[in-house]
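Summary of structural features
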Amino acid sequence: MREAKGMKERGEPGEPGERGESGERGGVRGAYHHGALPEALVAAAFEVLDEQGQEKVSVREVARRAGVSAGAPFRHFADRQALLTALADRVLADFVRWQEAQVAAAEADGRAGDRAGAGPGSGSVMRAVGLGFVRYAVRHPRRFELVRSRVFTAVREPALREQLDGIDRALADVIAADQEAGRLRPGDPALVGLAGQALVYGLAQMIVDGYLPAGRAEELAAQVLDTFGQGIANRPVP
């Protein structure tokens, strides 16, 4: 990174369907007949991911769940890695919707805080984005693991670059808006964003790995982000 715009708990996978005109039993109603086989396959992969993790996402299992032949997925995905990339793109879209809800709530809190005279720091949108990241990772550790393995790499996959660039731009806009509102000190938004990403990525990974207790994820995330927001340097008094 509950979810924005009424997103389902299990994500977007479709409902079990009937046998289509192709003669193949569909895991998503009419998907193959209506030319939506790629979407049906990714939806089936999403189900496997949430249930068992990315190591269990195979072309054969996804085809079985979508109700098509074992060879049908290869018309749209060259191999398992291409399917995983499409799945990562789907997870990123899911994560973006989640974060949009976090941002909307933080902006509402910020307006309320401004009216109440709460002062700088109240309703920081960047803080909400950081909390949202940790919350999403803890709630969906298998999705987080997929994103970690496909996104936080030396080279961004071309198929994911457009969406990842959009996420980067949105984060920069969030930081700039917080700075303009006086909730963050002035500074290079790119550097502030990198520091924030490193913080929440590391914290989320420590919780998902079990190094920190998942039951305290919300509390720890809030405390760590507040410490980050306040800064840890002891500035000399002028």
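Throughout this description, residue numbers start from 1 for each chain and increase along the sequence as written. Note on the predicted model: pLDDT of at least 70 is required for a residue's local features to be given, and 80 or more for side-chain atom pairs to be given and counted; whole-chain, interface and lining totals, by contrast, use all residues. Heavy atoms from the whole structure form the basis of all side-chain values; hydrogens and water molecules are not counted.

Digging into the overall build of the protein
The condition is simple: Strands are runs of DSSP state E lasting at least 2 residues, helices are runs of H or I lasting at least 4, and numbering of each runs from the N terminus. Relative accessible area decides the class of each residue, using a 1.4 Å probe on protein chains only: under 20% of the type maximum gives buried, over 50% gives exposed, and in between gives partly exposed. Areas reported as accessible are Shrake-Rupley estimates using a 1.4 Å probe. Residue values count occlusion only from the protein chains shown.
Counting secondary structure elements, the protein contains eight helices and zero strands. Scored against the burial criterion, the 238 residues of the protein give a buried share of 40%. When the accessible area of the protein is evaluated, it comes to approximately 12,800 Å², of which 55% is carbon and sulfur surface.

Some details on the packing of helix H1 (residues 37-52) against helix H5 (residues 141-151)
The description of two helices packed together rests on the angle between their axes and the distance between the axes. To keep it simple, the criterion reads: Interaxial angles span 0 to 180 degrees and are taken between N-to-C directions of axes, which are lines fitted to C-alpha atoms, for helices over the stretch in contact. Note on terminology: angles under 35 degrees are roughly parallel, angles over 145 are roughly antiparallel, angles of 65 to 115 are roughly perpendicular, and the others are oblique. By definition in these notes, contact holds between two residues if any of their heavy atoms fall within 4.5 Å. All residues other than Ala, Val, Leu, Ile, Met, Phe, Trp, Tyr, Cys, Pro, Asp, Glu, Lys and Arg, Gly among them, are scored as polar; the first ten of these are nonpolar and the last four charged.
Contact geometry of H1 with H5 gives a least axis separation of 7 Å together with a crossing angle of 110°. If you check the angle between H1 and H5, you find them roughly perpendicular. Facing H1, whose interface residues are Phe46, Leu49, Asp50, Glu51 and Gln52, H5 presents Arg142, Arg143 and Leu146. Taken together, the residues of the contact of H1 with H5 break down into three nonpolar, one polar and four charged.

Observations concerning the pattern of salt bridges
So the rule is basically this: For salt bridges, the criterion is a side-chain nitrogen of Lys or Arg within 4 Å of an Asp or Glu carboxyl oxygen.
Within this structure, the stated rule accounts for 15 salt bridges. In this structure, the salt-bridge partner of Glu47 is Arg65, at a minimum N-O distance of 3.5 Å. Taken together, the residues span a long stretch of sequence, with Glu47 in helix H1 and Arg65 in helix H2 (residues 59-66) at a distance of 18 residues. Judged by relative accessible area, which is 18%, Arg65 ranks as buried.

Quick word on the packing of aromatic side chains
What counts, and what does not: Aromatic contacts are taken between Phe, Tyr and Trp rings whose centres are within 6.5 Å, Trp giving its six-membered ring; a plane angle under 30 degrees counts as stacked, one over 60 as edge-to-face, and the others as tilted.
The full count for this structure, using the stated rule, is six aromatic pairs. Seen from their ring centres, Phe95 and Tyr136 are 5.4 Å apart, and the 75° between their planes marks the pair as edge-to-face. One end of the pair, Phe95, is in helix H3 (residues 80-115); the other, Tyr136, is in helix H4 (residues 125-139), and 41 residues separate them in sequence. The class for Phe95 is buried, based on a relative accessible area of 5%. Residue class for Tyr136 comes out buried when judged on its relative accessible area of 2%. Seen in terms of ring centroids, Phe144 and Tyr201 are 6.0 Å apart; in terms of plane orientation they differ by 50°. Their pairing is tilted. Residue Phe144 is located in helix H5, and its partner Tyr201 is located in helix H7 (residues 189-208); the two are separated by 57 residues in the primary sequence. You can call Phe144 buried: its relative accessible area is 3%. Tyr201 gets classed as partly exposed once you look at its relative accessible area, which sits at 22%.

Some remarks on the confidence of the model for the protein
Applicable threshold: Every residue carries a pLDDT, the predictor's confidence in it, which falls somewhere between 0 and 100.
Summarising the model, the protein shows a mean pLDDT of 82, and 78% of its residues fall at 70 or more. Confidence over residues 1-31 falls short of pLDDT 50; this stretch has 89 contacts with residues more than four positions distant or in other chains. Below a pLDDT of 50 lies the segment residues 118-122, which in the model reaches 10 contacts outside its immediate sequence neighbourhood of four places, other chains included.

Looking at the environment of Ala170
Looking at where Ala170 falls in the secondary structure, it is placed in helix H6 (residues 158-180). Note: C-alpha distance between Ala170 and Val96 (74 residues apart in sequence) is 9.8 Å.

Observations regarding helix H8 (residues 217-230)
Stated precisely, the cut-off is as follows: What a helix should span is 1.5 Å times the count of its residues minus one.
Taking 1.5 Å per residue as the helical rise, H8 with its 14 residues ought to reach 20 Å, and the 20 Å between its terminal C-alpha atoms agrees with that figure. Buried within H8 are the following residues: Ala217, Leu220, Ala221, Ala222 and Leu225. Residues of H8 that are buried in the fold lie against H4 and H7.

A look at the environment of Gly166
Tracing the backbone shows Gly166 in helix H6. On the basis of relative accessible area, Gly166 is assigned to the partly exposed category, the value being 24%. For the pair Gly166 and Val96, spaced 70 residues apart in sequence, the C-alpha separation works out to 9.8 Å.

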